[in-house]
Every structure is written in structure tokens, then in C-alpha cells.
Amino acid sequence: MYRISFVTTICITILFRDCVHGMLPTNDEFDNAQSLTEWTNENPAMVDSLTISNGNLVLIPAVQSSNVWYNTWQGTFLSKSVTGNFMADISLHVYVPPNSNPTGNWHSAGLLAWDSNANWVVQNIGHQGAWSGVSPTAVDGTETKTNVNSASTFNYRAATSPPLQGLLRLCRVGSNFTALRWLDGEMGWSMDTPFPGATPAPINRPDFSDTIKIGIMANRLGNAANLFQADIDYIRFTEAPSESSCLQPPIQASSVASTVTSETSSTTTSSFSTTQTSTTRSTTTTSSSDTRTNECYRYVGARAERGRRGCGFAQGEP
């Protein structure tokens, strides 16, 4: 197998180094188990299982009393390296099977931008526990957190509809990190803040290195009585030339960081095509009786739906 990554690097130096286009990780649509080899499992003891099922990464965090990103604790983290400015979108659903919200405190999943164990930024969705100065009751919604020298500051915002699913985004431009969400039932991107009572604004982290780690995190603080999982449809990366670009539409599968894969065994051939609002993928498997064709994707609210012709829209329809 060979893998080709299309990455553009343009660095402009005007008194200070400003990497407008950095080294981007490859996108992951989680359509085959091979893609898991491209991730680093930073804390294996915090992961119960990682599987690919129906085009999703199914992440089940381990039952560990310290499986949470807070102060000096480090929870679940699957990482890739990124240099310079970037945007990262994750499409996910956090739930207790078959389809109810988690009830354990700080049972959540999302994105983590990591400079060191002492310094990182998180944007996640799940069941957030009551905390003095943040919320007197538990909240089903997003948590935004910044950790500075092993001291965490965080804030919650409730989801607008019961399913904890949709899109989360972290966008880095220089030293600023913008945390955004576009959950099911919402009309577009909105910004979160880790500072209770503050007006949402980018999180300034001038201490972060130019090259950091970005990826999928999870918290699972509590006991085994509260089981949950995160189904992750995809994680995608693209360039962020300015802070205004952080509000651009969801990243499409054919972004700069897309990966083109070819199998030397010729058993699988994949092609991708993208329109403004939908992506159509055709896959033919010659070595198996399980032949799939005309799978399709589209955005319904914030979430990318996928299906075959039965998904309710014609191939290539916006």
C-alpha cells in the first residue's frame, strides 16, 4: 500500500515567523481499520476499545478513576502532529446504547490540542458534572477547557436538543485557539469559552509550540455503572489563514489534508468526488460478496449523514 498526502507549507517571515499554512495531518473518514495505524494512542490504559463499524470509529473509554482531562490528570487521547495554523472538525455522537445520553459525570468526547501534559485546550460534548463556580447542576452539552501549567479553567454550555451529536471545531491562528460547535438542531457555528461568565472569544495561548498534537479525546470519570461510547464519523483538517476563516462551513472530505490510498493487491478501489454540499463515494470490493456501491454523504443540520441510495437523496444531489 502507498499513501500520498497533499500538504501545502507556506511560511511568511515579517519580524516574527508566521506559518499561515502549516503541516496538516491527514483526514480520517474511519472507513477501514488501517487508518487507526496513523494515530498514536497516548494513554492506552484509558482506552477500553477502538473499533471501526459502519464508517465510524467506536471509542469506548476505560473505567479509570483518573480517566479525565483536568489539572495533572490525562484521559483518553488519540493524536496526530500538526504545525502552524489549522482547523480541525470532528463529527461525533456521544451516547449510552441504544440511544440515550450519558449520565456519568464528565462522560464526554471531543477535540484536544496538546502542547504538553501541563498545557492543552479541550472542546468536548457529553454529560458535564456539577462544579462550583461553573454550574450548580450537571449539564448535557459542551465543555471548553484550557489547562495552563496544570491548572484547568473550564465552562459549560447546554445542548439545544437531547442527542449529544454534531460537529466540534478547534481553530488555531497564531497563539489564539477558537472553540466552536455546530450541534444537531443548531443553525451554524457558535463560539464557546472556558471562562465562566465571559463573552466567548479566542483562547490566547502564547506558550504553545508551533508544532503540537491534535486529536480525539475522551473523559470517563466515574464507575462502570455508567457506560457510554463515542461514535466518530470523521475528523478533518484544513488551513486557517485568519481568525475570520475559523467560521467557514464544515470541512469537506476533499480538503488539503485529504489522503489518497491505493491497495497494491487491487482488491479495493475507492474514488471520492465532492460538490459544495455533498460528497459521493463509490466503493467496489472484488474479493468479497459484500459489494457496496453509491454510498452518499450530506449535511443535515451540522451532522454528516451517510447511507446508500436509501439515504433519501440522489447521487450528487446538494
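This structure is a prediction, so every number in the text was calculated from the model and none was measured. (Residues numbered from 1 in each chain as written. Predicted model: local features only at pLDDT ≥ 70, side-chain atom pairs only at ≥ 80, totals over all residues. Heavy atoms only, no water.)

1. Description of the overall build of the chain
Part 1: Per the secondary structure count, the chain includes zero helices and 23 strands.
Part 2: Expressed as a percentage of the 318 residues in the chain, the buried residues total 49%.
Part 3: Pairs at least 24 residues apart make up 64% of the contacts formed inside the chain by residues separated by at least 6 positions.
Part 4: Put simply, the chain shows about 13,600 Å² of open surface, and 54% of that area lies on carbon and sulfur atoms. (Helix = DSSP H or I, 4+ residues; strand = E, 2+ residues; numbered from the N terminus. Buried < 20%, exposed > 50% of the residue type's maximum accessible area, 1.4 Å probe, protein only. Contact = heavy atoms within 4.5 Å. Areas by Shrake-Rupley, 256 points an atom, 1.4 Å probe, with all protein chains shown as cover.)

2. Re the nonpolar core
One recurring pattern in soluble globular proteins is that nonpolar side chains are buried together.
Part 1: Judged by nonpolar contacts, the single largest core of 36 residues is most densely connected at Phe 86, Leu 92, Ile 214, Ile 216 and Ile 232.
Part 2: Take this core: its biggest share by element is five residues, from strand β8 (residues 86-95).
Part 3: Ranked by size, the runner-up nonpolar core spans eleven residues in total, among them Leu 167, Val 173, Trp 189 and Tyr 234. (Core = buried A, V, L, I, M, F, W, Y, C linked by side-chain atoms within 4.5 Å.)

3. Brief notes about unusual backbone geometry
Part 1: Each neighbour pair has its own omega, and for Pro 97 with Pro 98 the value is 10°, a cis peptide bond.
Part 2: Tracing the backbone shows Pro 98 in the loop between β8 and β9 (107-116).
Part 3: Here the phi dihedral of Phe 30 falls at roughly 55°; this positive angle occurs in a residue that is not glycine.
Part 4: Along the polypeptide, Phe 30 turns up in the loop between β3 (16-21) and β4 (40-41).
Part 5: For Phe 30, a relative accessible area of 0% corresponds to the buried category.
Part 6: Residues other than glycine seldom take positive phi values, yet Asn 71 does so here, at roughly 50°.

4. Overview of the side chain of Asn 176
Part 1: Counting through the fold element by element, Asn 176 comes out in strand β14 (residues 176-183).
Part 2: Engagement of the side chain of Asn 176 in a polar contact is seen with the side chain of Asn 204, the distance being 2.9 Å.
Part 3: Residue contacts for Asn 176: discarding those within four places in its chain leaves Cys 171, Pro 202, Ile 203, Asn 204 and Glu 243. (Polar contact = N/O pair within 3.5 Å; in protein donor to acceptor, adjacent residues only side chain to side chain.)

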